[in-house]
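Next come the chains, spelled out residue by residue.
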Amino acid sequence: MQSRRWFGGAGFSFADDPVTETLSQAIRGTGEELDREPDTGVLFGSLRGSVVGLRYYTGVVNKGEMVSLVRQPQNPYDRNAVMVANVYGSQVGHIKRELAVLLANIMDNNLARVEGVVPFGVTNQFTMSVVLSFWGREENRDAVVRQITSRSFKLQSGPTGTHTHTHTLTQLKNAFDNLFENLMDDKIGEREAVEAVCTPLLPHQKQALSWMCACENNAALPHFWEVKGELFYNTLTHSSVRERPRRVRGGILADDMGLGKTLTTIALILSNFHHGKPLSSAWISECPVSELCLYMSLKNPEGKCVCSDISGACSSLTNVDSALSLSLSLALSRSGKSGDGDQAEVSVAPAGHSPFSPVEAASSQSTDDPAARATLIICPLSVLSNWLDQLDQHVRADVKLNVYLYYGSERNRDTHFLSSQHMVLTTYNVLSADYSGSASPLHTVRWLRVVLDEGHIIRNPNTQQSKAVLKLNTQRRWILTGTPIQNNLRDLWMLVAFLRLKPFDVREWWNRVIQRPVTQGDKTGLQNLQALVKCVTLRRTKTSRVCGRPLVSLPERSVRIEEVELTQKEREEYELARTEGRTTISRYVAEGTVLRNYADVLAILVRLRQFCCHPGLLGKTTTHTGVVAVTPAELRERLIMKLRLVLGTGSDEECAVCLDSVRLPVITHCAHVYCRPCIAEVIRSEQEQARCPLCRGQIKASELVEFPLEEEEEEESNLLENWRSSSKVEALMSSLLRLRSEDDSIRSLVVSQFTRFLTILEIPLREEGFKFVRLDGTMSQKRRAQVIQEFQSDAPGSPLIMLLSLKAGGVGINLSAASRVFLMDPAWNPAAEDQCVDRCHRLGQKRDVVITKFIVKGSVEENMVKIQRQKQDLVEKAFGTKNPSERKTSRVDEIRALMEL
DNA sequence: ACCGCCGGGTGCC
DNA sequence: ACCGCCGGGTGCC
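Rules used throughout
- Residues numbered from 1 in each chain as written.
- Chains lettered and ligands numbered in written order.
- Predicted model: local features only at pLDDT ≥ 70, side-chain atom pairs only at ≥ 80, totals over all residues.
- Heavy atoms only, no water.
- Salt bridge = Lys/Arg side-chain N within 4 Å of Asp/Glu carboxyl O.
- Helix = DSSP H or I, 4+ residues; strand = E, 2+ residues; numbered from the N terminus.
- Buried < 20%, exposed > 50% of the residue type's maximum accessible area, 1.4 Å probe, protein only.
- Axes fitted to C-alpha atoms, helices over the stretch in contact; angles between N-to-C directions.
- Left-handed = near helix turned anticlockwise from the far one by under 90°.
- Contact = heavy atoms within 4.5 Å.
- Nonpolar A, V, L, I, M, F, W, Y, C, P; charged D, E, K, R; others polar.
- Expected span 1.5 Å × (residues − 1).
- pLDDT = per-residue confidence, 0-100.
- Pairing = 2+ DSSP bridges.
- Near = heavy atom within 4 Å.
- Polar contact = N/O pair within 3.5 Å; in protein donor to acceptor, adjacent residues only side chain to side chain.
- Phe/Tyr/Trp six-rings, centres within 6.5 Å; stacked < 30°, edge-to-face > 60°.
- Arc of directions from axis to C-beta.
- Right-handed = clockwise from strand over helix to strand, strands pointing away.
- Core = buried A, V, L, I, M, F, W, Y, C linked by side-chain atoms within 4.5 Å.

Identification of chain A as Helicase-like transcription factor from Oncorhynchus tshawytscha is taken from an unreviewed UniProt entry.

**Quick look at the pattern of salt bridges**
On inspection of all chains with the given rule, the structure shows 36 salt bridges. The residue R396 makes a salt bridge to E195 at a minimum N-O spacing of 3.9 Å. In this pair, R396 sits in the loop between α11 (381-394) and β12 (403-405) while E195 sits in the loop between α4 (169-177) and α5 (203-217), placing the two residues 201 residues apart along the sequence. Residue class for E195 comes out partly exposed when judged on its relative accessible area of 35%. Sharing partners across several salt bridges, the network here consists of R113, E115, E508, R512 and R516.

**Quick word on the packing of helix α17 (residues 507-519) against helix α18 (residues 523-534)**
Direction vectors running N to C along α17 and α18 enclose 115 degrees, while the axes themselves pass 7 Å from each other. As α17 runs across α18, the sense of the crossing is left-handed. Listed contacts from α18 to W510, V513, I514, P517 and V518 of α17 are G525, L526, N528, L529 and L532. Across the contact of α17 with α18, the residue classes break down as eight nonpolar, two polar and no charged.

**Observations concerning helix α24 (residues 727-742)**
Helix length check: α24 (16 residues) gives 23 Å between terminal C-alpha atoms against 22 Å at 1.5 Å per residue, within 8%. Along α24, the residues that are buried comprise S727, K728, V729, A731, L732, M733, S735, L736 and L739.

**Quick look at the confidence of the model for chain A**
The share of residues in chain A with pLDDT of 70 or more is 72%, and the mean pLDDT across the chain is 77. For residues 1-38, every residue scores under 50 in pLDDT, and the model assigns this stretch 144 contacts once sequence neighbours within four places are set aside. Note on residues 874-884: pLDDT under 50 across the span, and 28 contacts to partners over four residues away in sequence or across chains.

**Notes on unusual backbone geometry**
Put simply, K502 and P503 share a cis peptide bond, and its omega is 0 degrees. With respect to the secondary-structure elements, P503 resides in the loop between α16 (489-499) and α17. Notably, N110 is not glycine yet its phi reads approximately 60 degrees, a positive angle. With respect to the helices, strands and loops of the structure, N110 is situated in the loop between α2 (97-108) and β5 (113-118).

**Examining the sheet that holds strand β21 (residues 673-675)**
A sheet is described by the order of its strands in space; here three strands give the open sequence β21-β20-β22, paired in antiparallel fashion. Looking at strand neighbours, the two that pair on one side only are β21 and β22 (705-706), the edges of this open sheet. Relative to β22, strand β20 (residues 665-667) is paired through two bridges, and the arrangement is antiparallel. Bridge pairing in β22 links V666 to E706. Relative to β21, helix α22 (residues 676-686) is tilted by about 95 degrees, and along the sheet it contacts β20, β21 and β22.

**A word on the protein's contact with DNA strand B**
Near DNA strand B there are 13 residues, and of these R55, Y56, Y77, D78 and H94 occur at the shortest range. With respect to DNA strand B, the side chain of N75 contributes an N or O atom lying 3.1 Å from a base oxygen. A distance of 2.8 Å separates a base oxygen of DNA strand B from a polar atom in the side chain of H94. Among the elements that take part in the surface near DNA strand B, strand β4 (residues 91-95) stands out by supplying three residues, more than any other. Taken together, the residues that form the surface near DNA strand B break down as five nonpolar, four polar and four charged.

**Remarks on the packing of aromatic side chains**
Scanning all chains against the criterion turns up five aromatic pairs. Both rings, one in Y404 and one in F417, keep their centres 4.9 Å apart while their planes meet at 85 degrees; by these two values the pair is edge-to-face. Pair noted here: Y404 is in strand β12 and F417 is in helix α12 (residues 415-419), with a separation of 13 residues, a long-range link. Each member of the pair, Y404 as well as F417, is classed as buried.

**A look at the sheet that holds strand β15 (residues 474-480)**
Spatially, seven strands are ordered β12-β13-β11-β14-β15-β10-β16 in an open sheet, and the strand pairing comes out parallel. Either end of the sheet is taken by a strand with one partner, and the two such strands are β12 and β16 (537-538). One ladder, built from four bridges, connects strand β10 (residues 250-253) with β15; its direction is parallel. Counted as the bridge partner of L253 is L480 from β15.

**Digging into α22**
Every buried residue of α22 is listed here: C678, I679, V682 and I683. Down the axis of α22, the buried side of the element spans an arc of 130 degrees, and every buried residue falls inside it. Taken from the residues just after α22, Q687 is the one with a positive phi, measuring 50 degrees.

**Points about the side chain of R747**
Within the secondary structure layout, R747 lies in strand β23 (residues 747-752). Not counting chain neighbours up to four residues away, the residues in contact with R747 comprise E790, F791, S793, D794, A795, S798, P799, L800, A817, A818, S819 and R820.

**Side note on the pairing of strand β26 (residues 818-823)**
When you tally the buried positions in β26, you get six out of six residues, the bulk of the element. Bridge analysis of β23 against β26 gives five bridges, and the strand direction is parallel. Bridge assignment links V751 to a residue of β26, and that residue is L823. Examined bridge by bridge, β26 and strand β27 (residues 849-856) share four bridges and lie parallel to one another.

**Here we look at the pairing of strand β25 (residues 801-805)**
Buried residues dominate β25, accounting for five of its five residues. Of the two faces of β25, the one holding I801, L803 and S805 and the one holding M802 and L804 are both buried throughout. Bridge count between β23 and β25: five bridges; the pairing is parallel. Bridge pairing links S752 to S805 in β25. As for the winding sense of the linkage, the β-α-β connection from strand β24 (residues 772-775) through helix α26 (residues 781-792) to β25 is right-handed.

**Observations regarding the nonpolar core**
In this structure, L418, L425, W447, L452, F504, W510 and L529 are the most contacted members of the largest nonpolar core, which totals 89 residues. When residues of this core are assigned to their parent elements, the largest contribution, nine residues, is made by α16. Sequence-distant contacts of W447, defined by excluding residues within four places in its chain, comprise A372, A374, T375, L376, L418, V424, L442, L472, N473, T474 and Q475. Counting 47 residues, the second-largest nonpolar core is a separate cluster that includes L595, V601, L803 and V856.

The structure is reproduced here in structure tokens:
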């Protein structure tokens, strides 16, 4: 599976290689000052200095130990003070005064990052040597050298570390791509779920459960640590600590979607439910089912529906059927009964299957708060209802489990109440909203376990969500993701930080020990990374095999491309637009301003792609592209209009700050689109100097232009009255009609990136009497759940067709009722297409899945496909190593290839 | 004796 | 610190 983020995976990435991530990232890559913590850079050289004040340090310093240098501008004795800290940040000593002046200067002016390695360890009680190396951007080299020599220090050139074998970029890329593959250790056993789980686990789920329990209870030393005498020694940083380093209690469950991560996690929570004690039969309540699970189960102690206002969960829960069968006492009470389980007998897990004893192992971790018992599940809103459904489905009806949905304005913020639950479910948004306020309840509770569902959501450490997640207080930590990060090493850090994989949860150690070595092709760096990932991750794909047998058997899936010929009239219109676009773009190419005018370029490309689908997609705003704007204000206005056009089609844009789909989009005066909260944060933190993350143009809060999300609608009648078909519409309709005549039980997904195209398609579908539903990004959570349920239902008269916008709803939606997929327009990002297809090609699919891609012959669509193919062959473009100017060139080349210039 | 020299006290920043 | 530095004690050899 791929997990890259694209600049509008639905439409606007010009690249499709694992290297150049997105257009926005590529452009961002040209201005490295954007990286607040640049993790790359060149080595300027190193010099020997001395560390004083060692007498105040009680620890040991080893030969070769890595230390970090911390500026202390507030130091009362010297405002230039530079502290030397060990791997955990504890003070080892200080840089001697004269040298500190120099370092302070370099560090405060951001001329270089300074790293320390202790060459001999401690030789006496008072001082020791340290080798300082200076890393930074090439253009700062002179300034750094000048600083150093002017203070009569001497910079030794060249790398100080030993040379290790380096990989070629291809080897590196392959190794990195495989980071998350084959992580299944055959040695892990199987573990049965406790009886409270009423769904029998599949073998691979039992393995996952066994592995997860082992991860939570294993008291062995974490990787890279060894016992050395009285101390614990880290083999990577060469540091020793007195206190036993704790193993991560948790990990990353990165199974492909559809393999049952939710079920396995539920089984984990119930099995090893508290303090190492599984949920036993004592937990199966004496309360009659009827008392537990009627409507009241949806209410909080004040008697209000806990999920009344927005929740998509509500749609499934307020449904009487599911409420009746819901066996969970959601937020029932805070009365003492809930404590019973603490005294419950250890039971259920069949002896012999599990290689460890949960109780003993867990209790050996002495610093845990024994009172912690609640598991906090954080997920995107779109899958909240899935958790509730799954609990409903998989937990035995007579088990009394306190599950609280922490969502909505009426949510109960009482921390004692929350702590007393068995499970609390919430969303990333609620978490970060709480976090930004004062005294966040979720951050006050001492959790037993925190589970991040769709954990790749927090791959960017700069977002509020990520910061909020890192601050949670919990003993055990899990990340569930079906799309582990593949292409960007930096994304991995966030996962490592959440898991508190010491010392890599601190950026500097991650950068020095893992990220920089790996990106520079260092073999040991890569080995270390592989080991690191391997010891915390379990990943199986749909094609994984256990003992030669497939994990799960899925029906076949085949793709066929159907070429569409334009009619004479369509061809003429298309060619006109194409010629116009070429003129404009070739001018930009000649001027070398393609990237500066990219809003314009995007608009031209999207227009051509719309022509390929249906002329009705173009909207009325588009007039001409050839006219040269006179004033800068006019130019800006025009660019803004174009972006409105682009966004208005329903295409998905990526915010360059959070790397997610834009929410609450705003447009800067330089015509770049961001989430309002994201860009507001940039402006707040950079104040007057705030610059556009994409083009480095000045930005001001007052100049942000709102983007109106919905405007159209009225024109559906307009479309109907002046109805005109298109070649692509006809191609689809004839396929659908043929299919219906052959087998009217087959259901289809009709997928487009352009929501308006979906609207257009409704007309002929209605005309031909097809029953269909529609799912797109503008729909409320509640409505989505309804639509999915309707489509999945096998009741007579349920819809045969679902109109689906490419990225609607994100991952995790189950559309297994469909076995045909029609991809109406090519996406820049094949991963987005794959994900879309995966919604029906998943567990539960009974038929072979046939995917049809419509491509207009002799059009930009063909070129898109061609470029994608070419890129897949260009393996040597390994991640992150390409320099920005090369990237820019290839980007421009792609645009030229698309326009045949 | 407004110096040099000796030796004890002292010590990160 | 088996140093350097400071400041008090001391004073031909």
